[in-house]
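What the coordinates show
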Amino acid sequence: MRTKGATSILIAVLTLAATLIPRSAHASPIVFQDRVVFAQALDSDPSVVTTVEGWDTYPAGTIFADGSTVNGITYNVSSSGDALVGSGGISLSPPNNLFMPNCPTPPTCSFRPLVDTFTFEFPQPIRAFGLTFSSTFAINNGDYLLTTDRGDVIPSYFDPLFPGFSLGQFAGFISDEPFNSVTVSSTANALYGMDDLVFARSVPEPSSLVLLSFGLFGLGVHTGTRQLRADTRRHK
């Protein structure tokens, strides 16, 4: 009976929270054509925590086995290969890029165009994702695509910011709802590597924390009252 009372209070609190949190239909993601503007948008948003993975803290030659999770990212290659950290390509943040090793010259391997897809999975949902592509020949918007597990498709844009080179593509977006994976594919017949993966998670909103606090406070009051009644009965 006592457990039933505590459960009723918890259900009531959760119901109140559900009615107070605004709900809206899924809108199209905000797509960015420039990695600098994308970074500025994330920096100015206090509701997200941003992580940048440039693979520069790992020695060149490090392999992330297919399906492995490192630094909050799970790596999945469509073909028979793994993710390879390499220093043989042009890098936005030297020295390393991300490649794959199942090709004739492993130290400088690239993802094969029109063949390989690469999926980044996130055990904790994220709300923003950005990625830079290094390729000498991919100069048209949409040469690379990002597809989320929600079905959103985001094209890349020519954004030549690599030091000393007039090349590079960027794809980045912010979503109004969390997602858990992004699959990278290419539409251009050009080998490529990847650099500076940026992703952002939501931080708990103050209103949510307040509602949770009220719920815990209610359970505490209920438990304390029940204990007081029990003590009173023992002393009678």
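Below: a short report on this structure.

Definitions and cut-offs
Counting from 1, residues in each chain are numbered in the order their sequence is written. Selection of residues for local features in this predicted model requires a pLDDT of at least 70, selection of side-chain atom pairs for listing and counting requires 80 or more, and totals for whole chains, interfaces and linings are taken over all residues. Processing note: side-chain calculations cover all non-hydrogen atoms of the structure and skip hydrogens and water entirely. Working definition: helices are DSSP H or I runs of at least four residues, strands are E runs of at least two. Numbering for both runs from the N terminus. To sort residues, take the accessible area from a 1.4 Å probe on protein chains only and compare it with the maximum for the residue type: under 20% means buried, over 50% means exposed, and anything in between is partly exposed. Any two residues whose heavy atoms approach within 4.5 Å at even a single point are treated as in contact. What sets the accessible areas is the Shrake-Rupley method with a 1.4 Å probe; for residues, cover comes only from the shown protein chains. Only buried Ala, Val, Leu, Ile, Met, Phe, Trp, Tyr and Cys residues count toward a nonpolar core, and they belong to the same one when joined by side-chain atoms within 4.5 Å. Salt bridge, as applied in this entry: a Lys or Arg side-chain nitrogen positioned within 4 Å of an Asp or Glu carboxyl oxygen. At least two bridges found by DSSP between two strands is the condition for calling them paired. Pairing of aromatic side chains requires ring centres within 6.5 Å, counting the rings of Phe and Tyr and the six-membered ring of Trp. Pairs whose planes differ by under 30 degrees are stacked, by over 60 edge-to-face, and all others tilted.

1. Topic: the overall build of the protein
Along the protein, the regular secondary structure elements total 3 helices and 13 strands. Within the protein, buried positions represent 40% of all 236 residues. Sequence separation of at least 24 residues holds for 70% of the intrachain contacts in the protein that already meet a minimum separation of 6. For the protein, the exposed surface amounts to about 12400 Å²; the carbon and sulfur share of it is 61%.

2. Describing the nonpolar core
Ranked by internal contacts, the top residues of the largest apolar core, which has 31 residues, are Trp55, Leu98, Phe120 and Phe129. Where this core is concerned, the elements lending two or more residues are strand S5 (73-77), strand S6 (83-86), strand S8 (118-134), strand S9 (144-148), strand S12 (169-186) and strand S13 (193-202). Core analysis: the next-biggest nonpolar cluster, separate from the first, contains 9 residues, Phe32, Phe38, Ala128 and Phe170 among them.

3. Brief notes about the pattern of salt bridges
What the rule picks out here adds up to 2 salt bridges. Between aspartate 159 and arginine 35 there is a salt bridge; the shortest N-O distance is 3.2 Å. Taken together, the positions of aspartate 159 in the loop between strand S11 (157-158) and S12 and arginine 35 in helix H2 (residues 35-43) put the pair 124 residues apart, joining distant regions of the chain. With respect to burial, aspartate 159 and arginine 35 carry one shared label: buried. Of the charged contacts in the structure, one is a salt bridge between arginine 150 and glutamate 177, with a shortest N-O distance of 2.8 Å. In this pair, arginine 150 sits in the loop between S9 and strand S10 (153-155) while glutamate 177 sits in strand S12, placing the two residues 27 residues apart along the sequence. In this structure arginine 150 comes out as partly exposed when scored by relative accessible area, which is 35%. Looking at glutamate 177, the relative accessible area reads 23%, which means it is partly exposed.

4. Side note on the pairing of S6
Of the two faces of S6, the one holding Ala83 and Val85 and the one holding Leu84 and Gly86 are both buried throughout. Of the pairings in the sheet, the one linking strand S3 (residues 63-64) to S6 comprises 2 bridges and is antiparallel in character. Within S6, the position partnered with phenylalanine 64 by the bridge is alanine 83. Here S6 runs beside strand S7 (residues 97-99); their pairing, made up of 3 bridges, is antiparallel. By the bridge assignment, glycine 86 is partnered in S7 with asparagine 97.

5. Regarding the packing of aromatic side chains
Under the counting rule described, the total for this entry stands at 15 aromatic pairs. Ring plane angle 45° and centroid distance 6.0 Å describe the contact between phenylalanine 120 and phenylalanine 129, whose orientation is recorded as tilted. In this structure, phenylalanine 120 and phenylalanine 129 share a single accessibility class: buried. Every member of this aromatic cluster is reached through a ring pair, and the members are Tyr58, Phe64, Tyr75, Phe118, Phe120, Phe122, Phe129, Phe173, Phe179 and Phe199.

6. Remarks on the pairing of S5
Here S5 lies mainly inside the structure; 5 of its 5 residues are buried. Of the two faces of S5, the one holding Ile73, Tyr75 and Val77 and the one holding Thr74 and Asn76 are both buried throughout. Counting the residues in the hairpin turn of strand S4 (residues 69-70) and S5 gives 2 residues, including asparagine 71, whose phi is positive at 55°. Pairing between S5 and S8: 4 bridges, direction antiparallel. Across the sheet, residue tyrosine 75 finds its bridge partner in S8, namely phenylalanine 120.

7. Here we look at the side chain of serine 185
Here serine 185 shows up in strand S12. With a relative accessible area of 19%, serine 185 lands in the buried category.

8. What about unusual backbone geometry?
Cis peptide bonds are those with omega within 30 degrees of zero, and the linkage from proline 94 to proline 95 qualifies with 15°. Position of proline 95 relative to the elements: it lies in the loop between S6 and S7. With a phi angle near 60°, tryptophan 55 is a residue other than glycine that sits in the positive phi range. Mapped onto the secondary structure, tryptophan 55 falls in the loop between strand S2 (48-53) and S3. Phi at asparagine 71 is positive, roughly 55°, even though this residue is not glycine. As for its placement among the helices and strands, asparagine 71 is situated in the loop between S4 and S5.

By themselves, these observations are geometric and do not establish any function.
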